[in-house]
Amino acid sequence: MLIPSVSRAQCDDLLPAFHPNERTGKSGTASSSRGRTKGGLLAVTADDLVRLRDFGSADGSVTNMPAPFAVSPDGSEAAFVLSRADPQSNRYCRALVVVTLPPAGGSGQGRAKGPTTTLPRIVDRGGDYITDTVGAYDKRIENGFPAVFTPRWSPGGSSIAYLRRDDDRDSGKVQVWVAAADGSGARAITHADADVEWLAWSKDGNRVIYQVRAGTAEAEMALAQEGRSGWLYDGRFWPSARPAPFVSLQPLETLSVASDGSDMRQGDADERSLVGMLDAVDHGVSSVSANGRSASIAHTAENPYGPNELKVTSAGPDKGAAPPVVCSAPTCRGGLSGVWWLRDGEGLVFLRREGWDKGTTAFYHWAGKAGSAPVRLWTSADVFLGCTAFQSRLLCSRENATTPRRVTLIDMQTGKVSDVFDPNPEFAKISLGKVERLYWRNNLGLEVRGDLVLPPDHRKGTRLPLVVVQYNSSGFLRGGTGDEYPIHALAAKGTAVLSIERPAPVVSLHPEVKTPDQMLSVFHKDWAERKSMQSAIEVGVKAAIDRGIADPQRLGITGLSDGSSAVRFALINSNLFKVASISTCCVDENALIYNGPAVQRQFEAMGYAGPGGNLEFWKPYSLALNAGRMNRPLLMQLAEDEYVAGLNTFTVLKSAGQPVEMFVFPGDHHRKWQPAHRAAVYARNLDWFQFWLQDKEDPDPAKRPQYKRWEAMRDRLRSRP
């Protein structure tokens, strides 16, 4: 459920208004009333971060999503969906845009500091946010992260097919749209009763092939009919997510439709064969050379945390007969995020996350032959994501801790990099705090890194309150995993922020683990994974204290999902933090009740104590079982489809007189995707940590009720012995 809009989205600034090298003109995020730094730059606000123009995956740590880009058949242009949140209307401005690419050998020789082309043009405008879904326990769950789909140019280059959802048509289902590349018009060519999940053009360009879980509507109808006599409570239920049972995950069906929307039919064998091939290419895990050789990245074991490797298979009559050529160099194992053949088929390139806790991006060339060693062309602290290959070049997104995402070209022959389009040039006029990368090890010897962010005006020797943000720290520092704790805005308010990249999981120290079930057992035995993360946090915070930056009496901690688990474990098992905020809650002695029989069976198989079981097992992990001694303010901002799992914790803490508040966001998921919610979460977290760590209150009269509640909490805490 999207909360009601109060107005239409203001989308006039979906494309930026000025080039970053221009130092005058109106900024899309600027305001004459906001503060300025000594250098005349604008002070960053939470609104700047909410309204970032964006494309592709949710953050710089997500490497397994499809490429957001499609390059035209002649290599002169690229298409992608650009979006921008509008909190006032609680909508997104979205458009399919096309950007002109510089010719090979033209610009792109050297590392450009800014865009080398004009702004993109909009070829279709409209559509609503599409949330990603994940399969879990034979259920399909919306998680709130943005779904990423690769657009497709027609073979002749005159049209672009892409996926779009409109709330006001086709029951809000994702459909295939075809837009004229010159911007002269667009139309939906499917009207499926379930979301379309994939698309491609036929080789002749006359048809569009797409995939849909066609049995979903019938399964929902059958479920409704069953409900007339009551649903049997079984593994179909996930009570914390929704009160009704889920329908079973339906198989994908491949369909084919003429490019004008007529003559829909089942896909034939040739059309069905496109699915797996293009899907692997979209994700960068497979590439086929001009002479038919295939390069691929795959795990070496069933363990999903095991190392991956790069291998090449033969072409022609020897295909399948000759053994694959596996790159045996250490640089070909682990951290591989994409592989692509050069245009002539003589060698390939790959991207790899490497270095301390995989904090560096490296670009390699490999001949693809047995005994040959890869050659590293460059390394960068920047993150490169969603790359797609064309004409011996890669088109990627690129970002770093202080630079939002932009569109970038990499020359696959030389490794030279140039920026093509910066969606957020206004950030050239915004002051961000100094970011320093720290490195350390936890108690198991695992590598950990973190980005320490200081206020722009920080004076050396001044101790600051510090807030820990989790649990990935790669790319532009927005708000941590889930994007709820605005890092640069917190720093602008006078708080130091330690954004932590979690260490490798404890299972990485257990090569004997082969299956996901074995992996989960290692995670949870004696709370091994939680203790490893707790040590990582404590050592990192101590480093900030020892450097004279963090005030040990004013420490806060935040987190979503695994980050929330780390928060709860830290509050129970240490006295380090004085205040906390979490976005999800909770795994505790009642969690297996709230999450249904299917989840209960798996958790008990992993070694968790079942409902009514051993409470001592849960003592190190349950805030409710430790409610009497918490005495630290806890803010819970939870999604509608997850808050039920937090009721035990909230109710017991509240009953024990502890300082706790819980907010529930309607229609939201694991990651809160609605713009109004994101703005509210940002604002409340800023107020929360300023109040508890800096004794500051926003003078806005509308916020007076919240401060009255928090002042009462503070008075009760101060009155305790």
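A. Here's a closer look at the sheet that holds strand β24 (residues 375-380). Reading across from one edge, β21-β22-β23-β24 is the order of the 4 strands in this open sheet, with antiparallel pairing throughout. Of all the strands in the sheet, just β21 (336-341) and β24 have a single pairing partner and so form its edges. Sheet twist, expressed as the average angle between the axes of neighbouring strands with direction ignored, equals 20 degrees. Pairing geometry for β21 and strand β22 (residues 348-354), over 5 bridges, is antiparallel. Across the sheet, Trp340 pairs through a bridge with Val349, a residue of β22.

B. Focus on the sheet that holds strand β17 (residues 286-288). Sheet architecture is open: 4 strands sit in the order β17-β18-β19-β20, paired in antiparallel fashion. Since the sheet does not close on itself, it has two edges, and those belong to β17 and β20 (325-326), each with one partner. Pairing of β17 with strand β18 (residues 294-299), which is carried by 3 bridges, proceeds in the antiparallel orientation. Bridged to Ser287 within β18 is Ala295.

C. How the structure looks around the side chain of Thr495. Looking at the element boundaries, Thr495 is found in the loop between α4 (487-492) and β33 (496-501). Residue Thr495 is classed as buried on the basis of its relative accessible area, which comes to 2%. A distance of 3.5 Å separates a polar atom in the side chain of Thr495 from a polar atom in the side chain of Gln694. Residues contacting Thr495, with those up to four places away along its chain left out, are Val453, Pro455, Pro465, Leu466, Val467, Leu490 and Gln694.

D. Representation of helix α13 (residues 704-719) within the structure. For α13, spanning 16 residues, the distance from its first C-alpha to its last is 22 Å, which sits close to the expected 22 Å at 1.5 Å a residue. Restricting attention to buried positions, one finds in α13 the residues Gln706, Tyr707, Trp710, Glu711, Met713 and Arg714. Around the axis of α13, the buried residues are gathered within 160 degrees of arc, so they sit on the same side. Summarising the geometry of α13, the exposed residues directed more than 90 degrees from the buried face are Lys708 and Ser719.

E. Just the nonpolar core, in detail. With 41 residues, the main nonpolar core has Leu466, Val541, Phe577, Leu634 and Met636 as its most contacted residues. No other element matches the 6 residues that helix α6 (residues 528-546) contributes to this core. If we ignore the near neighbours within four places in the chain, the residues touching Leu634 are Leu571, Ala580, Ile582, Leu623, Leu653, Pro659, Val660, Glu661 and Trp688. If you look at the next biggest cluster of nonpolar residues, it comprises 37 residues, including Ala401, Val467, Val579 and Met713.

F. Examining the state of the cysteines more closely. In the structure shown here, the tally under the stated rule is 4 disulfides. Cys387 shares a disulfide with Cys396; S-S distance 2.1 Å. Its torsion about the S-S bond being 115 degrees, the disulfide of Cys387 and Cys396 is classed as right-handed. Residue classification places Cys396 among the buried positions, given a relative accessible area of 0%. In this model Cys585 forms its disulfide with Cys586; the gap between the sulfur atoms is 1.3 Å. One disulfide, between Cys585 and Cys586, carries an S-S torsion of -60 degrees and so falls in the left-handed class. As far as burial versus exposure is concerned, Cys585 and Cys586 are alike and both buried. Assigning the bonded cysteines of the chain consecutive numbers by sequence position, one obtains the connectivity 1-2, 3-4, 5-6, 7-8.

G. Local environment of the pattern of salt bridges. Applying the stated criterion across every chain yields a total of 45 salt bridges. Of the charged contacts in the structure, one is a salt bridge between Arg121 and Glu77, with a shortest N-O distance of 2.6 Å. Remark: Glu77 occurs in strand β4 (residues 77-86) and Arg121 occurs in strand β6 (residues 121-125); sequence separation between them is 44 residues. Classification of Arg121 as partly exposed rests on a relative accessible area of 32%. Between Glu226 and Arg236 there is a salt bridge, with its nearest N and O atoms 2.8 Å apart.

H. Up close: the environment of Val448. One can find Val448 in strand β31 (residues 447-454). Sequence separation of Val448 and Ile500 is 52 residues, and the distance between their C-alpha atoms is 7.8 Å.

I. Spotlight on unusual backbone geometry. With an omega dihedral of -10 degrees, the bond running from Gln470 to Tyr471 counts as a cis peptide bond. Structurally, Tyr471 can be placed in the loop between β32 (464-469) and α4. Omega for the peptide link from Cys585 to Cys586 comes to -5 degrees, which places this bond in the cis form. Residue position: Cys586 is located in the loop between β35 (579-582) and α8 (591-594). Backbone geometry places Asp263, a non-glycine residue, at a positive phi of 55 degrees. Accessibility expressed as a relative area gives 48% for Asp263, which makes it partly exposed. Of note in the backbone geometry, Asp695 takes a positive phi value of approximately 55 degrees without being a glycine. Along the chain, Asp695 falls in the loop between α12 (675-694) and α13. Overall, Asp695 belongs to the exposed group, its relative accessible area being 56%.

J. Structural view of the packing of aromatic side chains. This structure, assessed with the given rule, holds 27 aromatic pairs. Between Phe350 and Tyr364, the ring centres sit 5.0 Å apart and the planes meet at 10 degrees, which makes this aromatic pair stacked. Here Tyr364 lies in strand β23 (residues 360-366) and Phe350 lies in strand β22, a separation of 14 residues in the sequence. Every member of this aromatic cluster is reached through a ring pair, and the members are Trp527, Phe603, Tyr608, Phe617, Trp618 and Tyr621. The ring of Trp177 carries the charged tip of Arg164 above its face, separated from the ring centre by 3.7 Å. Note that Arg242 overlies the ring of Phe246, its terminal NZ or CZ placed 4.7 Å from the centroid.

K. How the structure looks around the environment of Thr133. As for its placement among the helices and strands, Thr133 is situated in strand β7 (residues 131-136). The partly exposed category is assigned to Thr133, whose relative accessible area is 24%. The spacing of Thr133 and Gly144 is 11 residues in sequence and 7.8 Å in space, taken between C-alpha atoms. Beyond its immediate stretch of four places on either side in the chain, Thr133 contacts Arg140, Ile141 and Glu142. Among the polar contacts listed, one links the side chain of Thr133 to the side chain of Arg140, at a separation of 2.9 Å.

Parameters at a glance
- Residues numbered from 1 in each chain as written.
- Predicted model: local features only at pLDDT ≥ 70, side-chain atom pairs only at ≥ 80, totals over all residues.
- Heavy atoms only, no water.
- Pairing = 2+ DSSP bridges.
- Helix = DSSP H or I, 4+ residues; strand = E, 2+ residues; numbered from the N terminus.
- Axes fitted to C-alpha atoms, helices over the stretch in contact; angles between N-to-C directions.
- Buried < 20%, exposed > 50% of the residue type's maximum accessible area, 1.4 Å probe, protein only.
- Polar contact = N/O pair within 3.5 Å; in protein donor to acceptor, adjacent residues only side chain to side chain.
- Contact = heavy atoms within 4.5 Å.
- Expected span 1.5 Å × (residues − 1).
- Arc of directions from axis to C-beta.
- Core = buried A, V, L, I, M, F, W, Y, C linked by side-chain atoms within 4.5 Å.
- Disulfide = S-S within 2.5 Å.
- Salt bridge = Lys/Arg side-chain N within 4 Å of Asp/Glu carboxyl O.
- Phe/Tyr/Trp six-rings, centres within 6.5 Å; stacked < 30°, edge-to-face > 60°.
- Lys NZ or Arg CZ within 6 Å of the ring centre and 35° of its normal.

Purely spatial values, then, with no claim about function.
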